[in-house]
Structure formats: structure tokens, C-alpha cells
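Secondary and tertiary structure notes
This is what each chain is made of:
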Amino acid sequence: MRVLITGASGMLGATLANMLKEEHEVFGTGNSNFDEQPKNYKVLDLNAESYKDVMEWSNPNVIILSGALTNGNYCNDNPEEAFSINGISVKKFAEVTNKNVKFIYISTDAVFPSKLHLAKESDCVSPENVYGKSKELGEFFTKFSDKQFCIIRTTIVGLNLNSKKRGFVEWIINASKTSEDIFLFDDVVFNPISIWELADEIKHIISLENFPNEVLHISGTEIVTKYKFGMELLKALKLETETVNRGLISSFKDRAKRCNDQTLSCVYYQDKYKRKLPKLADTIQTINQYYEADKIRK
Ligand SMILES: NC(=O)C1=CN([C@@H]2O[C@H](COP(=O)(O)OP(=O)(O)OC[C@H]3O[C@@H](n4cnc5c(N)ncnc54)[C@H](OP(=O)(O)O)[C@@H]3O)[C@@H](O)[C@H]2O)C=CC1
Ligand SMILES: Cc1cn([C@H]2C[C@H](O)[C@@H](COP(=O)(O)OP(=O)(O)O[C@H]3O[C@@H](C)C(=O)[C@@H](O)[C@H]3O)O2)c(=O)[nH]c1=O
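Residues numbered from 1 in each chain as written. Chains lettered and ligands numbered in written order. Predicted model: local features only at pLDDT ≥ 70, side-chain atom pairs only at ≥ 80, totals over all residues. Heavy atoms only, no water.

Per an unreviewed UniProt entry, the recorded name for the protein chain is dTDP-4-dehydrorhamnose reductase, and the organism is Winogradskyella sediminis. The UniProt entry for the protein chain carries the following text under Sequence similarities (unreviewed entry): "Belongs to the dTDP-4-dehydrorhamnose reductase family." Taken from UniProt, the Catalytic activity (unreviewed entry) comment for the protein chain reads in full: "dTDP-beta-L-rhamnose + NADP(+) = dTDP-4-dehydro-beta-L-rhamnose + NADPH + H(+)". (UniProt positions renumbered as here; feature names shortened; annotations may be inferred.)

What follows is about the environment of Gly132. Within the secondary structure layout, Gly132 lies in helix α5 (residues 130-143). Residue class for Gly132 comes out buried when judged on its relative accessible area of 0%. Between the C-alpha atom of Gly132 and that of Ser107, which follows or precedes it by 25 residues, the distance is 9.0 Å. (Helix = DSSP H or I, 4+ residues; strand = E, 2+ residues; numbered from the N terminus. Buried < 20%, exposed > 50% of the residue type's maximum accessible area, 1.4 Å probe, protein only.)

All right, on to the pairing of strand β4 (residues 62-65) then. Where burial is concerned, the two faces of β4 agree: the one with Val62 and Ile64 and the one with Ile63 and Leu65 are both buried. The sheet contact formed by strand β1 (residues 2-6) and β4 spans four bridges and is parallel. Bridge pairing in β4 links Leu4 to Ile63. In the sheet, β4 pairs with strand β5 (residues 102-108) via four bridges, with the strands oriented parallel. From the neighbouring strand, Leu65 faces β5, where its bridge partner is Tyr105. (Pairing = 2+ DSSP bridges.)

What follows is the structure, given as C-alpha cells:
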């Protein structure tokens, strides 16, 4: 299959491109070039008027829409840009593709409000910040396109293949290595899945004879606070935990509102598709495996 992945310079997209290339012809786009970029890679600004060149080049059977503005504070300060990149871009892809092309839209727990614990696919969305609202718009254009679609809501953790980037996990690791004090939220809960484990699920979904055509929650099966996650991660990686402090999201006033309950129920997906999603220890073990492999490579 020919698979186009947007956000292929990002944390999830770069790993997806790497893992899917074993079975598919993969084409990736991102907003900038990077040293580790895959073979078939082009810069495509999702704000651009036309996506024609990229569509002619990749001619995909499946498009994985992973490209997004993910910085919640930046989205709040720049709502038009956030709605354009995270939402309207999906409409533009729908307009330049025929109805046989399948869409997989990567969405987020942030479409739900804090008051929902273990949000289900059938629960009403009600985002609390611009980032969440812009992802809700992306879901809308995915659902109401003429394509077969799968919207995956998730909460991911992992390492960046793109050495210019640094996410949540790298932030915790680097702080430990440089003895920088950090405050991890002990009042925010989530059920994380690693990018490699999620990529395996996406591989499975692409291989299905009957494409899902629905919203699916795909994440880890255990709930932790961000603080506990950070501590468990550092212990597994045999790194110092001394500079990790308990923080409270409620004391971070100067930023876009975030939910303190980011949990997603993955029961429907596991039951219907007969899949076993990872426990926290599996997810941390997977990160450890890629972290060690990276150390050896470097
Ligand atoms: N990280 C998380 O905690 C979670 C993420 N998600 C969703 O998962 C998906 C992947 O997230 P993640 O990999 O962490 O994101 P990253 O922030 O790591 O990567 C974002 C990607 O989008 C690209 N992008 C940003 N702006 C533009 C633009 N104007 N035009 C084209 N491409 C652009 C970036 O390109 P460039 O590198 O050039 O800037 C990059 O490739 C997203 O859709 C996100 O909403 C869902 C739940 C949790
Ligand atoms: C989690 C956390 C963040 N922070 C600070 C640093 C960090 O750069 C900033 C933003 O936190 P996060 O990166 O976790 O972003 P945040 O917007 O909270 O998390 C989200 O990410 C987006 C992309 C999603 O889709 C959501 O599902 C969600 O996981 O807040 C802390 O100081 N302590 C913490 O424990």
C-alpha cells in the first residue's frame, strides 16, 4: 500500500514512517527538513493553499494525518493558525483525494473536558483549550469527508528520531542528566502508550480487510500521574530521580488551560478488535529498549 504520513518530522510521524516502511511504500511530509529524515520525504506547510504537488508525488491509498501544532500555549495565542493546521488541513486533503483514499486522523484526549474520567468513544467532546478545539475540528472534517476513516484518540509518549526535537520523555531524561530541577504534575492523570506500540496498532488497522470507519480510543491500560510516570521512567532507565519534584498543574497559572484528567477508556477497541494494549510497565520497557538502542548507536 502507498501510505502518506503528515507530521513525519514529529515524534509519532517519524517513528510511524520508520516502522511502516517494512510493509508499505511510505511517503512523509513535515514542515521542515531534518538530518534523520526518511527516503521519501518532502516539506509541505499544511497552511499552503494547494497540496497538489504532494498528492501527485505520493498518490496514496492511505493518509495518516499526524501533522499538528501540538504546543497548547502557542495554539491559545495563535488560534487561527491552530485551526488551519490541525483542522482545516484535513478538509484540504479531502478535496484533493478521491473517495477510495482512506484517512487515519491522529487525535487526542484533549477533545474531552477534565470532568470525564476514562472517556469513551460515545462520550461528547467538549475541549477546554484551543488545541483541543482545533483537533475537534480535524475530527469533524475527517468524519464528514467522503472517505473511509479512522479517528484515533490517544495519549502518546516516546523519543524523537528527529534530533532537533525534544518532547516530554526527553525533557525528563535530560533534566535528570543535567541535574535540573523539574516539577512533574502529581494532579494530572493519563494512561500513556508509547509511539512504537501505537504504531503497531496503526499497522494492524491498515491491514484490516474491513477498515474501521469509526472513532477509536487507543492508549495504555494503566492510569498514572505525570509525576509517577516520570519517576518510573527514570528508575527503569537507571537514572537519578533526585531532581524530580512533585508539581501541581493548579499552580501553573500562566498557560493555556489543560485537563487534569486525560484518561481514555480503551475497552471498546480492545474488545471489538481483539487487541491487547500495553500496561505501564510494558510502555516504559519499550521506551527503555529504544533509549538503550539509541545510546549504542551514538
Ligand atoms: N505528543 C502528545 O502528547 C500527543 C499528540 N497527539 C497527536 O498526535 C499527533 C502527533 O503528535 P507528535 O508527534 O507528538 O507531534 P510533534 O509536535 O512531535 O510533531 C508535529 C508535526 O507536525 C508538523 N507541523 C507542525 N506545523 C506544521 C505546518 N504548518 N505544516 C506542516 N507540518 C506541520 C511538524 O513539522 P516540523 O517538525 O517541521 O515542525 C511535525 O512534523 C498530533 O496530531 C497530535 O495532535 C495526541 C495525543 C498526545
Ligand atoms: C506534564 C508536565 C508538563 N509540564 C510543562 C512542561 C511542558 O513543556 C508543558 C506542556 O506539557 P505537555 O507537553 O505534557 O503538554 P500538554 O498540553 O499538557 O499535554 C498534551 O500534549 C498534547 C500534544 C496532547 O495531545 C495531549 O494529549 C496532552 O498529552 O507543561 C510540567 O512542568 N510538568 C509536567 O508534569
